[in-house]
Structures are given as C-alpha cells and as structure tokens.
Amino acid sequence: MLEPLRQGLPPLDPAAVSDAASCALPARYEAVREARRFTRRTLDQWDMGERFDDVCLVVSELVTNALRHGLTADTSCAGPHEPAVRLHLMRWTERLVCAVRDPSHDSPVARETDDFSAESGRGLFLVDSFSDSWGWHPMAGALSGKVVWALFRLPRTGARPHAE
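Now for a quick tour of the structure. (Residues numbered from 1 in each chain as written. Predicted model: local features only at pLDDT ≥ 70, side-chain atom pairs only at ≥ 80, totals over all residues. Heavy atoms only, no water.)

## A short note on the overall build of the protein
Consideration 1: Secondary structure summary: the protein contains 3 helices and 5 strands in total.
Consideration 2: The N-to-C order of helical and strand elements in the protein reads β-α-α-β-β-α-β-β.
Consideration 3: When burial is assessed residue by residue, the protein has 40% of its 164 residues classed as buried.
Consideration 4: Contacts spanning at least 24 positions in sequence make up 67% of the contacts within the protein whose residues lie at least 6 apart.
Consideration 5: As displayed, the protein has an accessible area near 9,700 Å², and 49% of this comes from carbon and sulfur atoms. (Helix = DSSP H or I, 4+ residues; strand = E, 2+ residues; numbered from the N terminus. Buried < 20%, exposed > 50% of the residue type's maximum accessible area, 1.4 Å probe, protein only. Contact = heavy atoms within 4.5 Å. Areas by Shrake-Rupley, 256 points an atom, 1.4 Å probe, with all protein chains shown as cover.)

Below you can see the structure in the form of structure tokens.
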C-alpha cells in the first residue's frame, strides 16, 4: 500500500506552473503550527481554501516527520543560509505539490501498524490516504538531505462538476 517511497515527482510541465511559495521552519515542534499557518495563507491567496483540510493534514505530517526523523542534535543549529526544514508549496494548472526538505539522507519508512489508536506511526499512511501520490528523493548539488513530497490533483479550471 505505501509502495512509492523512492521516486521523484511525476513529470510536471514547468511552463504550466502557476504559483510557488516556500518558508523556512525552525527545528522545533512549534514549526508544525507555523507550517499550517503558512499553508492557510498561501492556499487562501491562491483561492484554494476549500483544499485546506486535506493539504494541511499532509503538510502537518510531512513537517512532523522531518522534525522527528530528519534532524539530529547538530542539525538543530542549522544556520540561516540552510534552514533545518523547509516547506514548499507549488501549484500547477491541475496539480498542487507540498514538499518538505530536511537534512537527513535516510529514506522515509512507513511503519506497519494495526493499532489505529496509537499516537504515532501513522504519518505516511495519512499522507498516502489524503494525497493522490507521494514520494521522496535525495537532494542534489550543494544542498544535502532529502525532499518528501505529496501531490494533489486539482480540477481543471472552468471544468464543471457532473450533474447527478
């Protein structure tokens, strides 16, 4: 079920990109709240507030995982030029991508659990359930670490829902 662990983003036409926004997040758990606020503001600016609940849940899980599993004691002191965790929101004509970068080279690991009342261990299951696809890839070039992303399909502009 949680198969697409090591893959890059599906092909996206760079000419169709509509908007992009990102924010640096501090290496502390209050960053999850900051990520939710940033997501709310950004989706409202893009007139996509109706997608907030699903996107916010996925952003919260990705940021929490980055803070919990992507940081070590020495990365909590990341400098201003390379923040410990960064959230990116990118919108194409028919897709929205949430991507969270952290300094770890370790791949995300989905834990199998039958205990749905547990307070942790279900993050990637939720990401898989609420997004249309997700994956991760290592950073290239001067940036180290990885990016974990989730993709949401958007209705075509001008497309009308089918009447039932």
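## A closer look at a positive patch on the surface
Consideration 1: Taken together, Arg33, Arg36, Arg37 and Arg41 make up a surface patch of like positive charges.
Consideration 2: With respect to the helices and strands, Arg33 occurs in helix H1 (residues 30-45). (Patch = residues over 30% accessible without salt bridge, like charges linked within 9 Å, V, L, I, M, F, W, Y side chains within 5 Å. Salt bridge = Lys/Arg side-chain N within 4 Å of Asp/Glu carboxyl O. Lys, Arg positive; Asp, Glu negative; His and termini not counted. Charge placed at Lys NZ, Arg CZ, Asp CG, Glu CD.)

## Comments concerning the packing of aromatic side chains
Consideration 1: In the structure shown here, the tally under the stated rule is 0 aromatic pairs.
Consideration 2: Looking at Arg40, its charged tip hangs above the ring of Phe52, at a distance of 3.7 Å from the centre. (Phe/Tyr/Trp six-rings, centres within 6.5 Å; stacked < 30°, edge-to-face > 60°. Lys NZ or Arg CZ within 6 Å of the ring centre and 35° of its normal.)

## Focus: the packing of H1 against helix H2 (residues 52-69)
Consideration 1: Between H1 and H2, the least distance of the axes is 9 Å, while the angle of their chain directions is 145°. Crossing hand, H1 versus H2: right-handed. Taken together, the residues of H2 that come into contact with H1 (itself represented by Ala31, Val32, Ala35, Arg36, Thr39, Arg40 and Leu43) are Phe52, Val55, Cys56, Val59, Ser60, Val63, Thr64 and Leu67.
Consideration 2: For the contact of H1 with H2, the per-class residue count stands at 10 nonpolar, 3 polar and 2 charged. (Axes fitted to C-alpha atoms, helices over the stretch in contact; angles between N-to-C directions. Left-handed = near helix turned anticlockwise from the far one by under 90°. Nonpolar A, V, L, I, M, F, W, Y, C, P; charged D, E, K, R; others polar.)

## Section: the pattern of salt bridges
Consideration 1: The full count for this structure, using the stated rule, is 5 salt bridges.
Consideration 2: One salt bridge in this structure joins Glu30 and Arg28, with 3.4 Å as the shortest N-O distance.
Consideration 3: By relative accessible area, which is 37% here, Glu30 ends up partly exposed.
Consideration 4: Close ionic contact of Arg28 with Glu34 constitutes a salt bridge, the shortest N to O distance being 3.6 Å.
Consideration 5: One network of salt bridges, in which partners are shared, links Arg28, Glu30 and Glu34.

## Overview of H1
Consideration 1: The end-to-end C-alpha distance of H1 is 23 Å, a good match for the 22 Å that 16 residues give at a rise of 1.5 Å each.
Consideration 2: Positive phi appears at Asp47, one or two residues downstream of H1, with a value of about 55°. (Expected span 1.5 Å × (residues − 1).)

## Overview of unusual backbone geometry
Consideration 1: Phi is positive for Asp47, which is not a glycine, with a value near 55°.
Consideration 2: Assessed through its relative accessible area of 67%, Asp47 is described here as exposed.

## Some thoughts on helix H3 (residues 123-130)
Consideration 1: Restricting attention to buried positions, one finds in H3 the residues Gly123, Leu124, Leu126 and Val127. In an axial view of H3, the angular spread of the buried residues amounts to 155°, which keeps them on one side of the axis.
Consideration 2: In this structure, the buried residues of H3 make contact with H2, strand E4 (133-138) and strand E5 (146-153). (Arc of directions from axis to C-beta.)

## Regarding the nonpolar core
Taken as a class, soluble globular proteins show a tendency for nonpolar side chains to be buried jointly.
Consideration 1: Core analysis: the largest hydrophobic core is formed by 35 residues, its most contacted members being Leu25, Val59, Val63, Val85, Leu87 and Leu96.
Consideration 2: Among the elements of the structure, strand E1 (17-25), H1, H2, strand E2 (85-92), strand E3 (95-102), H3, E4 and E5 are those that each provide at least two residues to this core.
Consideration 3: Apart from the residues within four sequence positions on either side, Val63 is in contact with Leu25, Ala31, Val32, Ala35 and Val100.
Consideration 4: Among the nonpolar cores identified, the runner-up in size contains 6 residues, and Trp92, Val147, Trp149 and Leu151 belong to it. (Core = buried A, V, L, I, M, F, W, Y, C linked by side-chain atoms within 4.5 Å.)

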